[in-house]
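Below are the chains, spelled out letter by letter.
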Amino acid sequence: MTATTAAGPGSSTPPTSEPLLRADNLVAGYVPGVNILNGCDLEVHRGELVGIIGPNGAGKSTLLKALFGLVNVRSGSVVLDGQDITNHRADSLVRRGVGFVPQNNNVFPSLTIEENLQMGLFQAPKRYAERFAFIVDLFPILGDRRKQRAGSLSGGERQMVAMARALMMEPSVLLLDEPSAGLSPVRQDETFIRTRRINKAGVSIVIVEQNARRALQICDRGYVLDQGRNAYTAPGRELMNDPKVIELYLGTLAADQETADRAKLA
Ligand SMILES: Nc1ncnc2c1ncn2[C@@H]1O[C@H](COP(=O)(O)OP(=O)(O)O)[C@@H](O)[C@H]1O
Ligand SMILES: [Mg+2]
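Residues numbered from 1 in each chain as written. Chains lettered and ligands numbered in written order. Predicted model: local features only at pLDDT ≥ 70, side-chain atom pairs only at ≥ 80, totals over all residues.

Identification of the protein chain as ABC transporter ATP-binding protein from Pengzhenrongella frigida is taken from an unreviewed UniProt entry. Listed under Sequence similarities (unreviewed entry) in UniProt, the entry text for the protein chain is "Belongs to the ABC transporter superfamily." (UniProt positions renumbered as here; feature names shortened; annotations may be inferred.)

Given below as structure tokens:
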């Protein structure tokens, strides 16, 4: 790990066991010769809820896509449970226990909730009853409304379906890209509560968030990404209270968030 620990040595000592997911020195990009990730590190321990915050364009979505085999990793490595998964294809990663919920277009609007959940399990359809029971236990409303088309749901409900779909394959780690984006403050709050509940059910989570303060409140650890590099990493609450992080990131991120919230309420 080369990340700077802003809060000082020892303050963010992770558990000693080998991380469940580990990215080392990732360099990745879309266009030849242009790197978006410039040596990015990430560790997720079993049971952890890890947040990634940072300014727009920092490479947060690109990092999730690089972990999930959707953008080519040019150098560096991604290791899941001791096995190298760098540049493995998304479908093979799903089989190995990685779930990904992209920020947009993450449900099939013309399909019912139930059909959306079946799509999440197309690689293991025999497990449907068992996994559906798990999902309904977490989110009872999805059971009640199983025949309703996803396209007729509210933004917050659609986000719930998207998470549930990714949970069908029983991932050990779930990657969430800005699940609260575009939602009203109340719905955002529900999304964070839901994320925490999934985590408590035993799923390790990496959550990218624009709502930095709220995300850091629920996270065990947080990373600040800036220009494709780790700028800071520490336990969520320490990051939130770190004067440098506040000055450089949370101030502007909070202002962006307030503007977005006001626009939604207007
Ligand atoms: N599909 C793409 N093709 C080319 N460039 C992209 C693509 N997606 C994102 N980028 C560029 O990568 C940079 C980081 O984007 P992104 O990872 O989406 O940032 P964040 O999620 O932190 O806002 C931006 O400069 C963006 O323009
Ligand atoms: Mg993004």
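Caption draft 1: Quick look at unusual backbone geometry. Even without a glycine there, the phi angle at Asn-105 is positive, about 50 degrees. Structurally, Asn-105 is set in the loop between β6 (98-101) and α3 (113-119). With a phi angle near 45 degrees, Glu-178 is a residue other than glycine that sits in the positive phi range. For Glu-178, the location among the structural elements is in the loop between β7 (173-177) and α7 (185-200). Note on Glu-178: 23 C-beta atoms within 10 Å, which makes it buried. (Helix = DSSP H or I, 4+ residues; strand = E, 2+ residues; numbered from the N terminus. Buried ≥ 20, exposed ≤ 12 C-beta atoms within 10 Å, placed from the backbone.)

Caption draft 2: Main features of α7. Counted at 1.5 Å a residue, the expected span for α7 with its 16 residues is 22 Å, and the 23 Å between its end C-alpha atoms agrees. Taken together, the buried residues of α7 touch β3 (49-53), α4 (128-138), α6 (155-167), β7, β8 (204-208) and α8 (212-218). (Expected span 1.5 Å × (residues − 1). Contact = placed C-beta atoms within 7 Å.)

Caption draft 3: Examining the site of ligand 1 more closely. Around ligand 1, a shell composed of Tyr-30, Val-31, Ile-36, Gly-54, Asn-56, Gly-57, Ala-58, Gly-59, Lys-60, Ser-61 and Thr-62 is seen. Split by residue class, the shell around ligand 1 holds four nonpolar, six polar and one charged. (Near = placed C-beta within 6 Å. Nonpolar A, V, L, I, M, F, W, Y, C, P; charged D, E, K, R; others polar.)

Caption draft 4: Examining the environment of Phe-122 more closely. Counting through the fold element by element, Phe-122 comes out in the loop between α3 and α4. Spatially, the C-alpha atom of Phe-122 lies 8.9 Å from that of Met-169, the residues being 47 residues apart in sequence.

Caption draft 5: View of the nonpolar core. Membership of the largest hydrophobic core comes to 71 residues, with the highest contact counts inside it found for Leu-63, Val-161, Ala-164, Leu-175, Ile-205, Val-206 and Val-224. Broken down by element, the residue count for this core peaks at seven residues, all from α6. Once residues lying within four places of it in the same chain are set aside, the contact partners of Val-206 are Val-44, Val-50, Ile-52, Leu-64, Val-173, Leu-175 and Leu-176. (Core = buried A, V, L, I, M, F, W, Y, C linked by C-beta atoms within 7 Å.)

Caption draft 6: Structural context of the packing of α6 against α7. For the pair α6 and α7, the least separation of the axes is 10 Å and the interaxial angle reads 15 degrees. Between α6 and α7, the crossing angle belongs to the class labelled roughly parallel. Between α6 and α7 lies a crossing of right-handed hand. Residues Gly-155, Gly-156, Gln-159, Met-160, Met-163 and Leu-167 of α6 touch α7, and the partners they reach there are Arg-187, Glu-190, Thr-191, Arg-194 and Ile-198. (Axes fitted to C-alpha atoms, helices over the stretch in contact; angles between N-to-C directions. Parallel < 35°, antiparallel > 145°, perpendicular 65-115°, else oblique. Left-handed = near helix turned anticlockwise from the far one by under 90°.)

Caption draft 7: Structural detail: the pairing of β7. Most of β7 sits out of view: five of its five residues are buried. Of the two faces of β7, the one holding Val-173, Leu-175 and Asp-177 and the one holding Leu-174 and Leu-176 are both buried throughout. Across four bridges, β6 lies against β7 in parallel orientation. Counterpart to Gly-99 in the pairing with β7 is Leu-174. (Pairing = 2+ DSSP bridges.)

Caption draft 8: Inspection of the sheet that holds strand β9 (residues 221-226) at higher detail. One open sheet accounts for six strands, arranged β6-β7-β8-β3-β9-β10; its pairing is mixed. Both edges of this open sheet fall to β6 and β10 (229-235), since each of them pairs with a single strand only. The mean angle between the axes of side-by-side strands here comes to 15 degrees, regardless of whether they run parallel or antiparallel. When β7 meets β8, the two strands line up parallel, connected through five bridges. Counterpart to Val-173 in the pairing with β8 is Ser-204. Where α6 meets the sheet, it contacts β6 and β7, and its direction lies at approximately 165 degrees from that of β6.

Caption draft 9: Spotlight on the sheet that holds strand β4 (residues 73-80). Across the sheet, which stays open at both edges, the four strands sit in the order β2-β1-β4-β5 with antiparallel pairing between neighbours. Strands at the two margins of the open sheet, each flanked by one partner only, are β2 (37-44) and β5 (83-84). Both β4 and β5 contribute to a ladder of two bridges, which runs antiparallel. Of the residues in β5, the one forming a bridge with Leu-80 is Gln-83.

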